[in-house]
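In case you want the letters, here they are:
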Amino acid sequence: MSPSALRPAWAAVPTPVVTAVFHSVAVTDGAAVLVVDASGPGVPVVTWGSAGVERLLGYALSDVPGRPLSAFLPDLPAGLLRAERASCLPLPVRTVTGALVEAVVLATPSTDPGVWALRFQAGATDAERVLADTAAAHERRFSTLTERSPVPTLLSDHGMRLAHVNDAFCRLTGRQAEQLLGTGWLADVHPDDVEELVDRAAEVLTGGAVEVRVRMVRADGAVRSTVARFAPLEAPGGAGGFVGTIEDVTERLEFEAQLAHLAHHDPLTGLPNRTRLADYVADRFVPGGRGLACLFLDVDDFKVVNDSLGHAAGDQLLVQVATRLRSVVRPSDLVVRFGGDEFVVVCERVSEDDAVALAGRIGAELARPVQLGGVSVSVRVSVGVTVQTDEHVTADELVRDCDIAMYQAKADGKGRVSVLDQDSRAQARDKLRLVADLRSAIEDGGLRLAFQPVVETVSRRPVGVEALARWTHPTRGPIGPQVFVALAEESGLVDALGTVVLEGSCAQVARWDAELGPAAPRVVNVNVSALQLDEHLPAQVASALQRHGVGADRLCVEITESALVRHPERAARVLGELRALGVRIAVDDFGTGWSSLATLRHLPVDCLKVDRSFVAELADGRPQITSAVVALAASLGLESTAEGVETEEQARALGALGATHLQGFGIATPMDAADTTAWFAAQAARAAATSPTVISATASSPTVVPVARRAPETEEFVVDGVTS
C-alpha cells in the first residue's frame with residue numbers, strides 16, 4: 001500500500017494518539033498496541049488500536065475505540081498504569097471470542113498526562129516463564145525496597161548515567177523513568193551546583209560516602225532544594241558506580257527561613273526587632289569610630305489610644321507609624337520596633353546635626369493625622385538622639401544612651417527631640433550600676449531589716465513594730481529607702497524586695513515568740529508597694545505565714561493611699577482576700593493622696609496612719625489636718641497611728657486629739673532584730689516591776705500577786721482596795 005493511501009487514515013488519528021504510538025515505538029519493538037486514556041473520571045478507555053490487535057485478539061479495528069480497557073484486561077492490576085515509568089506484567093487477555101489467553105503486557109506512559117500505550121506479546125514457554133518469574137521476583141523485591149519508597153533513589157554508573165530511578169525520583173524531577181534511564185542526570189541539577197556535585201561524586205567513586213547540598217531543576221522549571229547522599233556501589237566484573245538518595249528539603253528550609261525571619265522581625269509591623277537591632281549595631285560599631293547614630297522614638301500617650309479606641313486601633317496606629325518611618329529614612333537606614341510603642345532608627349555616616357534634623361522630619365511626618373475607627377488621631381513622639389563618641393565603649397552603650405535621651409525628652413514635656421548630654425549620661429549609668437548592685441543585694445542577702453516599735457497612745461504600752469528594709473552599699477554606705485525602693489519599682493525588683501521583707505518579718509516574729517513569749521510584739525507591719533498589689537499577693541502572704549508558723553493576726557499589711565487611688569477595684573479585691581486570711585490592713589501616709597472617702601468606707605481597712613508631715617505641723621499650731629484624719633478614723637471605727645512622733649509635746653497633743661497609737665523617734669528609733677528584742681524585753685520587765693500588787697493574806701501565809709495597773713503619777717500600790 002502506498003504512503004498516499006495511508007495518509008487519509010493517519011490524518012484522522014488525534015495528535016495525542018500519534019504521540020503515544022511513536023513514544024511506544026521509541027522504547028519497544030511493539031506488535032499489538034492499544035492506546036488508553038485514563039485522564040477522565042471514569043474507567044480507562046481505549047482510544048486506538050494497531051493492526052496487531054486484530055491479528056492477536058481478533059477484534060476489528062473499527063470496534064476497538066471507545067471500549068473500556070477492562071474488555072481486554074478483565075484483571076487490571078492497580079500497578080499497571082504508572083505515570084512515572086513503564087511497567088511490564090504477565091496478564092490474561094480476553095479475545096473477541098471471550099477466551100482468555102496469557103500475554104505479557106507492557107504499559108508505557110505517554111508524555112501527555114493520563115495516556116498510556118499498551119503493547120501485547122504472546123506468553124513465554126515454560127522455561128522462559130520460570131526464568132522470567134525468577135527475575136520478576138528479584139525485581140519485585142528491589143521494587144519494594146526502592147521504587148515505592150518515598151525517598152528519591154538512583155543508581156548511577158561511572159559515567160554519571162542513570163541505571164535505575166525510583167518513582168519518588170521521577171516525581172522530584174517531573175520526568176518519567178524512560179526519559180531518565182541511560183542518560184546523564186546532571187541536566188536536572190542547577191547549573192551553579194553541577195561542579196560541586198561532580199567533585200563530590202568523584203569522592204564516592206574512590207570509596208567514600210558523601211553528602212552535598214544541591215538544587216534540582218524540575219521539568220516544569222521549578223527549583224527544589226535537596227540534600228544528596230551518595231555511597232559507592234560495586235558490580236560484578238569490576239564495573240561500579242554509586243547509589244544515591246535525594247532528600248527534598250525545600251519546605252524545611254522555607255520553614256526554617258520563616259522561623260529565622262520571625263526571630264528577628266516584629267510580626268505586627270514587619271520591622272526588625274531588638275534582636276536584629278543588637279546584631280546590626282554590633283556589626284557596625286567600631287570603638288572610637290564616628291558617624292553611627294541611634295534615634296529612640298516613643299509614641300506619646302499611646303495608652304490613651306488603646307484605652308479609648310481599643311487594641312485593634314492601637315495596632316493599626318503602630319503599623320502606620322512603621323510605614324511612615326520607613327518612608328522618611330534612607331533606604332540604608334535600619335528601622336526597628338524595639339517593643340510596645342517604641343521604635344529605633346539606626347543611621348550610618350551622619351553627624352549629630354543630621355540626626356537631629358532627621359528626628360525633626362520624623363516628628364513632622366508622624367504628626368499628620370491618622371484615621372483610626374473614624375477618629376482623626378495626631379501622633380506625637382518623644383525622640384532621643386545619640387551619635388557615637390569616644391565614650392561609647394560597646395554597641396549596647398550607644399543604644400542605651402539614646403533610650404536615656406528619649407526619657408529625657410519625655411521628662412521635658414513630650415513631643416520633643418533630646419540629645420543626651422554628659423551629665424544625664426553619667427547619672428543614667430550611675431543609676432544602672434546602682435540597680436545592678438541592688439539586685440545583687442536582694443539575691444545575696446545584702447539587705448537587712450530594722451524594726452520601729454508602735455505603742456498605745458495613753459498607756460505607752462508597746463503593741464507592735466513596723467518592718468523597714470535597710471541597705472548599706474559596700475562602697476557608698478547607707479542608701480535610704482526612698483532611693484532604693486524607687487529603684488526597685490522602676491527596675492522590676494519590687495516583688496523580690498517585698499518577698500525579702502515579708503519572709504524576714506514572719507521569720508522574726510517566730511523567733512520573738514520563742515525568745516520573749518507573751519512579751520513579743522503582737523503585730524508586725526509590712527509595707528506593700530502598689531506594684532505588688534495583685535492577685536498573687538494573698539497566696540504569697542498565706543504561704544509565708546504558714547511556712548514560719550505565724551498566725552495571720554500577727555501581720556499588718558501597709559498600703560499607701562496613692563496605691564488605692566491607682567487601682568481602686570483591684571485594691572479592694574486583693575485587700576478583701578488578705579482580710580479573709582485574718583491579716584490586718586493599714587493605709588499608710590493617709591492625707592497625702594486623693595482617695596475618695598466613699599471608696600475608703602468600703603475598703604477592708606483597720607487603721608489609718610497619719611503622715612509625719614502633718615504630725616510635724618502640730619508644733620506650729622496647725623493641728624487641723626491631723627485632727628481631721630484622727631476624727632475620720634474614729635468615725636469609721638478605725639484605729640489611727642501617728643507617724644514621726646519626736647517630742648513628748650506631740651505625743652500629748654495626739655493623745656488629746658484621740659490618736660490611738662504612736663510611732664516615731666520620740667518613742668523609739670528603728671533597731672535591728674537583736675536590739676528590738678532587748679527593747680521589748682526591757683519594756684516587759686519595767687511593766688512587771690511597776691505593776692501594783694494585790695496581797696491576799698491568811699492567818700498562816702500571805703500571797704503576793706502582781707496586778708496589771710499602777711497609779712500613773714505615784715509610787716503607791718493598791719492592796720485589797722487600800723492605798724499604801
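Residues numbered from 1 in each chain as written. Predicted model: local features only at pLDDT ≥ 70, side-chain atom pairs only at ≥ 80, totals over all residues. Heavy atoms only, no water.

Let us now look at the side chain of D188. On the secondary structure map, D188 appears in the loop between α6 (177-180) and α7 (194-205). What makes D188 buried here is its relative accessible area of 3%. Among the polar contacts made by the side chain of D188, one reaches the side chain of R175 at a distance of 2.5 Å. Ignoring any residue separated from it by four or fewer positions in sequence, one finds D188 in contact with T173, R175, L180, R215, M216 and V217. (Helix = DSSP H or I, 4+ residues; strand = E, 2+ residues; numbered from the N terminus. Buried < 20%, exposed > 50% of the residue type's maximum accessible area, 1.4 Å probe, protein only. Polar contact = N/O pair within 3.5 Å; in protein donor to acceptor, adjacent residues only side chain to side chain. Contact = heavy atoms within 4.5 Å.)

Moving on, we get to the environment of F343. With respect to the element layout, F343 can be found in strand β13 (residues 342-347). For F343, a relative accessible area of 1% corresponds to the buried category. Expressed as a C-alpha distance, the spacing of F343 and F296, which sit 47 residues apart in the sequence, is 6.0 Å. With residues up to four places along the chain from it excluded, the contact list for F343 reads L271, L295, F296, L297, V299, L318, V321, A322, L325, V336, R337 and F338.

Contact pair helix α9 (residues 274-284) / helix α13 (residues 395-411): the axes reach a minimum separation of 8 Å and the direction vectors enclose 120°. Taken as axis vectors, α9 and α13 run oblique relative to one another. At the point where α9 passes α13, the crossing takes the right-handed sense. Residues L277, V281 and A282 of α9 pack against A395, L398 and V399 of α13. (Axes fitted to C-alpha atoms, helices over the stretch in contact; angles between N-to-C directions. Parallel < 35°, antiparallel > 145°, perpendicular 65-115°, else oblique. Left-handed = near helix turned anticlockwise from the far one by under 90°.)

It is worth spelling out the confidence of the model for the protein at this point. The predicted model of the protein averages 84 in pLDDT, with 86% of residues at 70 or higher. Here residues 1-11 is a poorly scored stretch, pLDDT under 50, and it has three contacts once near neighbours within four places are set aside; other chains count. Low pLDDT, under 50, characterises residues 693-724; the stretch is placed with 43 contacts to residues that sit more than four places away or in other chains. (pLDDT = per-residue confidence, 0-100.)

Examined against the element boundaries, Q121 turns out to sit in strand β5 (residues 115-122). Contacts of Q121, omitting those with residues within four sequence positions, involve A103 and V104. Among the polar contacts made by the side chain of Q121, one reaches the side chain of R119 at a distance of 2.8 Å.

Attention now goes to the packing of aromatic side chains. Tallying each qualifying case throughout the model produces six aromatic pairs. Aromatic pair Y59 and F72: ring centres 4.9 Å apart, planes at 55°, arrangement tilted. Taken together, the residues span a long stretch of sequence, with Y59 in the loop between α3 (51-57) and β3 (87-94) and F72 in the loop between α3 and β3 at a distance of 13 residues. The pair formed by Y59 and F72 is uniform in burial state, with each residue classed as buried. Ring geometry for F451 versus W512: centroids 5.0 Å apart, planes at 70°, classification edge-to-face. (Phe/Tyr/Trp six-rings, centres within 6.5 Å; stacked < 30°, edge-to-face > 60°.)

So, about the pairing of strand β21 (residues 523-528). A large share of β21 lies buried, amounting to five of its six residues. Across three bridges, strand β19 (residues 462-473) lies against β21 in parallel orientation. Within the sheet, the bridge partner assigned to V465 lies in β21 and is V524. With five bridges joining them, β21 and strand β22 (residues 555-560) adopt parallel strand pairing. Paired with V526 across the two strands is V557, which belongs to β22. You can see the chain leave β21, run along helix α17 (residues 537-548) and come back into β22, and the turn it takes is right-handed. (Pairing = 2+ DSSP bridges. Right-handed = clockwise from strand over helix to strand, strands pointing away.)

What follows concerns the pattern of salt bridges. Tallied over the full model, the rule gives 33 salt bridges. Salt-bridge contacts for D333 lead to R330; the nearest nitrogen and oxygen are separated by 2.9 Å. Taking relative accessible area as the criterion, D333 reaches 9% and is therefore assigned buried. In this structure, the salt-bridge partner of R547 is E503, at a minimum N-O distance of 2.3 Å. With a gap of 44 residues between them, R547 in helix α17 and E503 in helix α16 (residues 494-516) connect regions that are remote in the sequence. (Salt bridge = Lys/Arg side-chain N within 4 Å of Asp/Glu carboxyl O.)

The strands making up a sheet associate through hydrogen bonds between their backbones, and the pairing can be parallel or antiparallel. A sheet is described by the order of its strands in space; here five strands give the open sequence β2-β1-β5-β4-β3, paired in antiparallel fashion. In this open sheet, the two edge strands, each paired with only one partner strand, are β2 (45-49) and β3. Across this sheet, the average inter-strand angle for adjacent strands is 35°, counted without regard to direction. Where strand β1 (residues 32-37) lies against β5, six bridges are found, and the strand directions are antiparallel. Across the sheet, the residue bridging to V36 is W116, located in β5.

The next point concerns the side chain of Q508. Along the chain, the position of Q508 falls in helix α16. Not counting residues within four places of it along the chain, the set of residues in contact with Q508 comprises F451, A673 and T677.

For the rest of this paragraph, the subject is the packing of α17 against helix α19 (residues 568-581). The N-to-C vectors of α17 and α19 enclose an angle of 25°; their axes lie 9 Å apart at closest approach. If you check the angle between α17 and α19, you find them roughly parallel. Our pair here, α17 against α19, has a crossing hand that is right-handed. Taken together, the residues of α19 that come into contact with α17 (itself represented by L537, P538, V541 and A542) are V574, E577, L578 and L581.

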